[in-house]
Amino acid sequence: MSKRTAFTPRRKALLVFIALLLAVVAWLHFTGAAGTSGIPSKDMDWNGDGTATEEEIFQAFYAVVVEKKVEGPRECRSYSWRSDGKPIRVDCRTTMSAPAEASKE
């Protein structure tokens, strides 16, 4: 008979750490954090000085929220501060969908 080995304390700690990390990322995504919305780090210039610093990148995860709106081919993302809701900026893009296939008659 083969004996099943138990998790070592190091493996248990790693498993707990990974579970907590996944829970935090899920909570950030659920609350609309800008850092989990797919924005490139170069666009995380929240104070408008032209450069995205490390502090501004960290702010994207805890201080800035994004609200996405889709109106036909137009997709807009509104960025605002989590604490007071003051808007930072709005990025809008128009996307072109693939042409519909011709119906067969």
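Notes on the structure in this doc start here. Quick caveat, the model's predicted, so the values are computed rather than measured. (Residues numbered from 1 in each chain as written. Predicted model: local features only at pLDDT ≥ 70, side-chain atom pairs only at ≥ 80, totals over all residues. Heavy atoms only, no water.)

**Quick look at the environment of aspartate 43**
Here is step 1 of the chain: Mapping aspartate 43 onto the fold places it in the loop between helix H1 (9–31) and helix H2 (54–62).
Here is step 2 of the chain: When the C-alpha atoms of aspartate 43 and glutamate 56 are compared, they prove to be 9.9 Å apart, with 13 residues separating the residues in sequence. (Helix = DSSP H or I, 4+ residues; strand = E, 2+ residues; numbered from the N terminus.)

**Description of the state of the cysteines**
Put plainly, two cysteines are in a disulfide when a covalent bond ties their sulfur atoms together.
Here is step 1 of the chain: The tally for this structure, following the rule as stated, stands at one disulfide.
Here is step 2 of the chain: Cysteine 76 shares a disulfide with cysteine 92; S-S distance 2.2 Å. Classification of the bridge connecting cysteine 76 and cysteine 92 rests on its S-S torsion, roughly 110°, and on that basis the disulfide is right-handed. Highlighted residues: cysteine 76 in strand S2 (residues 74–81) and cysteine 92 in strand S3 (residues 87–94), separated in sequence by 16 residues. (Disulfide = S-S within 2.5 Å.)

**Here we look at the sheet that holds S2**
Here is step 1 of the chain: Strand order in the open sheet formed by three strands is S1-S2-S3, with antiparallel pairing between adjacent strands. Of all the strands in the sheet, just strand S1 (64–71) and S3 have a single pairing partner and so form its edges. With strand direction ignored, the average angle separating the axes of adjacent strands in the sheet is 15°.
Here is step 2 of the chain: Where S2 meets S3, seven bridges bridge the pair, whose relative direction is antiparallel. Residue pairing for S3: tyrosine 79 is matched across the bridge by arginine 89. (Pairing = 2+ DSSP bridges. Axes fitted to C-alpha atoms, helices over the stretch in contact; angles between N-to-C directions.)

**Examining a nonpolar patch on the surface**
Here is step 1 of the chain: Taken together, the side chains of Leu14, Phe17, Ile18, Leu21, Leu22 and Val25 present a nonpolar region at the surface, about 590 Å² in accessible area.
Here is step 2 of the chain: Tracing the backbone through its elements, the reader meets leucine 22 in helix H1.
Here is step 3 of the chain: Given a relative accessible area of 59%, leucine 22 falls into the exposed group. (Patch = residues over 30% accessible without salt bridge, like charges linked within 9 Å, V, L, I, M, F, W, Y side chains within 5 Å. Areas by Shrake-Rupley, 256 points an atom, 1.4 Å probe, with all protein chains shown as cover. Salt bridge = Lys/Arg side-chain N within 4 Å of Asp/Glu carboxyl O. Buried < 20%, exposed > 50% of the residue type's maximum accessible area, 1.4 Å probe, protein only.)

**Considering the layout of surface pockets**
Here is step 1 of the chain: There is about 210 Å³ of room inside the largest pocket.
Here is step 2 of the chain: Lining the largest pocket are 14 residues, with Glu75, Arg77, Tyr79, Asp91 and Arg93 sitting closest to its centre.
Here is step 3 of the chain: Those elements that provide at least two residues to the lining of the largest pocket are S1, S2 and S3.
Here is step 4 of the chain: Here the lining of the largest pocket gets four residues from one element, more than from any other, and that element is S2.
Here is step 5 of the chain: A breakdown of the residues in the lining of the largest pocket according to their chemical character gives six nonpolar, one polar and seven charged. (1 Å grid on protein atoms, 1.4 Å probe; cavity = no way out; pocket = protein on both sides within 12 Å on 5 of 7 lines; lining within 4 Å. Points joined across faces, edges and corners; volume = space filled by probe spheres on them. Nonpolar A, V, L, I, M, F, W, Y, C, P; charged D, E, K, R; others polar.)

**As for the nonpolar core**
Here is step 1 of the chain: By size, the foremost hydrophobic cluster in this structure holds eight residues: Ala34, Ile39, Met44, Trp46, Ala60, Val64, Val66 and Tyr79.
Here is step 2 of the chain: Residues in contact with valine 64, not counting those within four places in the same chain, are Gly32, Ala33, Ala34, Trp46, Gln59, Tyr79, Ser80, Trp81, Arg82 and Ile88. (Core = buried A, V, L, I, M, F, W, Y, C linked by side-chain atoms within 4.5 Å. Contact = heavy atoms within 4.5 Å.)

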